[in-house]
Amino acid sequence: MKEEKGTSASSRRSFIKGSLATLATFSIVPRHVLGKGYLAPSDTLTKAIVGTGSMGRGHIPYAGTKVVALCDVDKRHLDIAVNMVDKGVKTFSDYRELIQLPEVDIVHVATPPHWHGIIAADAARAGKDVWCEKPMTRTIGEGKRLVEAVQQHGRVFRLNTWFRFESNFYGMNTTVKPIKKLVQSGLLGWPLKVTVSKHTGFDWKFYWVGKTNNAPQPVPAELDYDMWLGPAPYKPYSEHRVHQTFRGYWDYDGGGLGDMGQHYIDPIQYFLGKDDTSPVSVEVDAPQQHTEAVGTWRRITYTYADGCQIVLDGEAKDDKVAYIEGPKGKLYQNFKSDIPDLEKKLAAFPDPEPQVTDFVDAVKNRKKFALNEENGHRSCTIVNMGLIALRLGRSLKFDPDKQEFIDDEGANRLINQPMRAPWTI
């Protein structure tokens with residue numbers, strides 16, 4: 001998975017863009033016009049998976065898709081995945097080769113977060129639709145570039161957190177739909193405060209913390225460590241920095257907030273009706289963070305322009321706290337409320353607008369998916385605002401339109417963080 005000699009990232013990207021620009025401007029065209037043996041779009045969509053750890057392997061059997069290519073920088077992970085798919089699947093150690101395959105419809109990005117933005121944007125530029133794991137990107141700047149790439153090339157994008165449209169929403173013991181209906185009804189009043197705490201049913205996974213005393217270790221023979229690092233700063237190999245425990249290091253993710261933040265926060269953006277904006281401030285109460293290893297925090301508070309708040313409660317001292325608190329009522333864990341006959345009252349209000357929740361159908365019919373590049377970037381921005389405030393150890397003001405911090409040069413430097421050559425987005 002080494003960089004080809006004499007080939008820059010920009011020239012390779014220009015080649016891909018030029019050679020596949022026509023594909024990117026069409027809806028899905030019948031692939032039989034591209035060559036013998038390709039399926040028409042009415043049939044099963046083809047998928048390539050980049051990153052074949054446990055997350056990537058878990059998506060191999062996704063209904064309506066067929067895996068035709070796999071990529072990983074760890075040969076051990078790749079071999080496990082190969083044994084789970086049909087014979088004849090193409091394998092790669094460099095995603096740049098994989099995204100040029102004309103037979104691939106969808107690229108599933110299941111790498112650590114420091115690779116999400118680059119691979120997803122390159123796949124979009126290569127004319128592929130994209131299914132990306134959360135968090136959408138490791139920085140706000142990467143999110144902006146990814147949104148541009150997806151939209152400029154007419155691609156369908158799905159972020160892989162699904163709670164805004166299906167499954168029980170953790171401790172609420174219900175889907176998000178009735179929560180959205182309750183908020184829309186006005187029965188709780190406005191503005192609202194949402195508290196994400198273990199007492200409202202949300203675990204912050206504070207075991208995702210980094211170590212500050214990692215000793216350099218030999219790189220395993222099966223791992224291309226230089227490519228695993230990719231755009232991240234070079235650090236000597238240590239087992240704790242890679243694979244399952246990478247979340248504890250700022251270079252690759254953001255601890256429990258990076259891991260679970262978008263799962264928890266994205267549905268809040270949705271039911272508050274904030275998909276097209278961001279909070280105007282973030283306040284942090286946390287110990288001083290290490291420069292490399294992610295630590296824990298006590299409280300992170302986001303405030304919107306209209307006074308609505310999202311409180312991420314790491315200490316969880318208040319075991320009676322409401323999940324949503326408004327001037328007219330409260331909603332607690334397990335969808336309990338202090339509003340009498342809540343379900344009966346809710347029945348009189350309209351349901352939320354339907355969402356496009358079938359990704360295969362979205363790809364075939366060129367529909368915008370329920371959780372897409374735009375609203376996904378907005379909820380990921382909240383996560384990254386919190387991570388920046390934690391790293392700097394101070395509260396910050398944010399401009400939701402410009403998507404930059406106000407009067408804080410240090411914070412704005414963390415919007416677009418340097419990448420190790422030759423990687424760019």
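Residues numbered from 1 in each chain as written. Predicted model: local features only at pLDDT ≥ 70, side-chain atom pairs only at ≥ 80, totals over all residues. Heavy atoms only, no water.

**Observations concerning the packing of helix H6 (residues 140–152) against helix H12 (residues 373–392)**
Selection criterion: Convention adopted: a line fitted to C-alpha atoms gives each axis, helices being fitted over their contacting stretch, and angles between N-to-C directions are expressed from 0 to 180 degrees. Strands are runs of DSSP state E lasting at least two residues, helices are runs of H or I lasting at least four, and both sets are numbered from the N terminus onward. Throughout this description, any angle smaller than 35 degrees is read as roughly parallel, any larger than 145 degrees as roughly antiparallel, any in the 65 to 115 degree range as roughly perpendicular, and the remainder as oblique. Throughout, a contact is declared for two residues whenever any of their heavy atoms are within 4.5 Å. All residues other than Ala, Val, Leu, Ile, Met, Phe, Trp, Tyr, Cys, Pro, Asp, Glu, Lys and Arg, Gly among them, are scored as polar; the first ten of these are nonpolar and the last four charged.
One can describe the packing of H6 onto H12 by two numbers: an axis separation of 9 Å at closest approach and a directional angle of 170°. Put simply, H6 runs roughly antiparallel to H12. For the pair formed by H6 and H12, the contact residues are Ile140, Gly143, Lys144, Val147, Val150 and Gln151 on the first element and Glu373, Glu374, His377, Thr381, Asn384, Met385 and Ile388 on the second. Each residue belonging to the contact of H6 with H12 can be placed in one class, and the counts come to five nonpolar, five polar and three charged.

**Some points on empty space enclosed by the protein**
Regions of empty space are outlined by a rolling probe, equal in size to a water molecule, passed over the atoms. Threshold: Definitions used for this entry: grid spacing 1 Å over protein atoms alone; cavity, a set of points where a 1.4 Å probe fits but cannot get out; pocket, an open set with protein on both sides within 12 Å along at least 5 of 7 lines; lining residue, one with an atom within 4 Å of a point. Grid points are joined across faces, edges and corners, and a volume is the space filled by probe spheres set on the points.
Under the defined criterion, the tally for this structure stands at four cavities of 30 Å³ or more. Looking at the second largest cavity, its volume works out to about 80 Å³. Arg138, Thr139, Ile140, Trp250, Asp253, Asn384, Leu387, Ile388, Arg391, Leu414 and Gln417 together form the lining of the second largest cavity. Along the lines of polarity and charge, the residues of the lining of the second largest cavity split into five nonpolar, three polar and three charged.

**So, unusual backbone geometry**
Short version of the rule: Burial classes follow relative accessibility: with a 1.4 Å probe on protein chains only, a residue under 20% of its type's maximum area counts as buried, one over 50% as exposed, and anything between as partly exposed.
Going from Lys134 to Pro135, the amide bond is cis rather than trans, its omega being -10°. Cis geometry is found at the peptide bond from Ala421 to Pro422, where omega equals 10°. Among the secondary structure elements, Pro422 is positioned in the segment after helix H13 (409–413). Backbone geometry at Ser167 places phi at a positive 75°, although glycine is not the residue there. By the element assignment, Ser167 lies in the loop between strand S6 (157–160) and helix H7 (177–185). Classification of Ser167 by relative accessible area gives partly exposed; the value is 33%.

**Examining the sheet that holds strand S7 (residues 193–196)**
For the record, the criterion: We call two strands paired when DSSP finds no fewer than two bridges between them.
With mixed pairing, the nine strands of this open sheet are ordered in space as S13-S12-S11-S7-S10-S9-S8-S14-S15. The open sheet terminates on both sides in strands that have one partner only, identified here as strand S13 (336–337) and strand S15 (404–405). Note that strand S12 (residues 329–332) and S13 share two bridges and pair antiparallel. Residue pairing across strands places Tyr332 opposite Lys336, the latter belonging to S13. Relative to S7, helix H9 (residues 255–272) is tilted by about 155°, and along the sheet it contacts S7, strand S9 (299–303), strand S10 (309–313) and strand S11 (324–326). Sheet strands touched by H12: strand S8 (281–285), S9, S10, strand S14 (396–399) and S15. Its angle to S8, the strand with the most contacts, is close to 45°.

**A closer look at helix H3 (residues 75–82)**
Under the convention used in this document: What the arc measures is the spread of directions leading from the helix axis to the C-beta atoms. Residues adjacent in sequence count toward polar contacts only when both atoms are side-chain atoms; beyond that, a polar contact is any pair of N or O atoms within 3.5 Å, and within protein one must be able to donate a hydrogen and the other to accept it.
The set of residues buried in H3 consists of His77, Leu78 and Ala81. Looking straight down H3, one finds that the buried residues subtend no more than 100° of arc, so they occupy a single side. The backbone nitrogen of Arg76 lies 2.9 Å from a side-chain oxygen of the residue at the head of H3, namely Asp74.

**Brief notes about the pairing of S6**
Let me state the cut-off plainly: Assignment of crossover handedness uses the view with strands pointing away from the viewer, where a clockwise path from the first strand over the helix to the second indicates a right-handed crossover.
Of the two faces of S6, both are covered, the one formed by Phe157 and Leu159 as well as the one formed by Arg158 and Asn160. Pairing of strand S5 (residues 129–133) with S6 involves four bridges; the strand directions are parallel. Counted as the bridge partner of Glu133 is Asn160 from S6. After leaving S5, the chain enters H6 and then returns to the sheet as S6, a path that is right-handed.

**A look at the sheet that holds S5**
Strand pairing in a sheet relies on backbone hydrogen bonds. The paired strands run either parallel or antiparallel. One open sheet accounts for six strands, arranged S3-S2-S1-S4-S5-S6; its pairing is parallel. Each edge of the open sheet carries a strand with a single partner, namely strand S3 (90–92) and S6. Each neighbouring strand pair of the sheet contributes to a mean axis angle of 25°, computed without reference to strand direction. Its contacts with the sheet place H3 against strand S2 (65–71) and S3, and it is angled at close to 155° to S2.

**A closer look at the UniProt feature "domain: Gfo/Idh/MocA-like oxidoreductase bacterial type C-terminal" (unreviewed entry) in the protein chain**
Worth spelling out the cut-off: UniProt positions are given in the numbering used here, feature names are shortened, and annotations may be inferred rather than shown by experiment.
If you check UniProt for "domain: Gfo/Idh/MocA-like oxidoreductase bacterial type C-terminal" (unreviewed entry), the listed places come out as residues 172–425 in our numbering. Secondary structure content for residues 172–425 is 27% helix and 13% strand, while the C-alpha to C-alpha distance between its ends is 38 Å.

**Remarks on the side chain of Asn160**
Relative to the helices and strands, Asn160 resides in strand S6. Take Asn160: its relative accessible area is 2%, and that puts it in the buried class. There is a polar contact of 3.0 Å between the side chain of Asn160 and the side chain of Glu133. Among residues more than four places away in sequence, those in contact with Asn160 are His59, Trp131, Cys132, Glu133, Lys134 and His263.

**Examining the nonpolar core**
In globular proteins that are soluble, nonpolar side chains generally tend to be buried together. Convention followed: For our purposes a nonpolar core is just a set of buried Ala, Val, Leu, Ile, Met, Phe, Trp, Tyr and Cys residues, chained together by side-chain atoms within 4.5 Å.
Grouped together as the largest cluster of nonpolar side chains are 56 residues, with contacts concentrated most on Tyr95, Leu98, Val107, Phe157, Tyr225, Trp228 and Tyr252. Counting residues per element, this core draws most heavily on helix H5 (residues 113–125), at seven residues. In this view, Tyr252 contacts Pro113, His114, Arg138, Tyr225, Trp228, Leu229, Ala232, Arg241 and Phe246; residues no more than four positions away in its chain are not counted. Among the nonpolar cores identified, the runner-up in size contains 52 residues, and Phe163, Trp297, Tyr302 and Phe398 belong to it.

**Here we look at the side chain of His377**
Examined against the element boundaries, His377 turns out to sit in helix H12. Given the relative accessible area of 5%, His377 is considered buried. Separated by 2.6 Å, the side chains of His377 and Gln403 make a polar contact. For His377, the contacting residues outside a window of four places in its chain are Met136, Ile140, Gly143, Lys144, Val147, Asn372 and Gln403.

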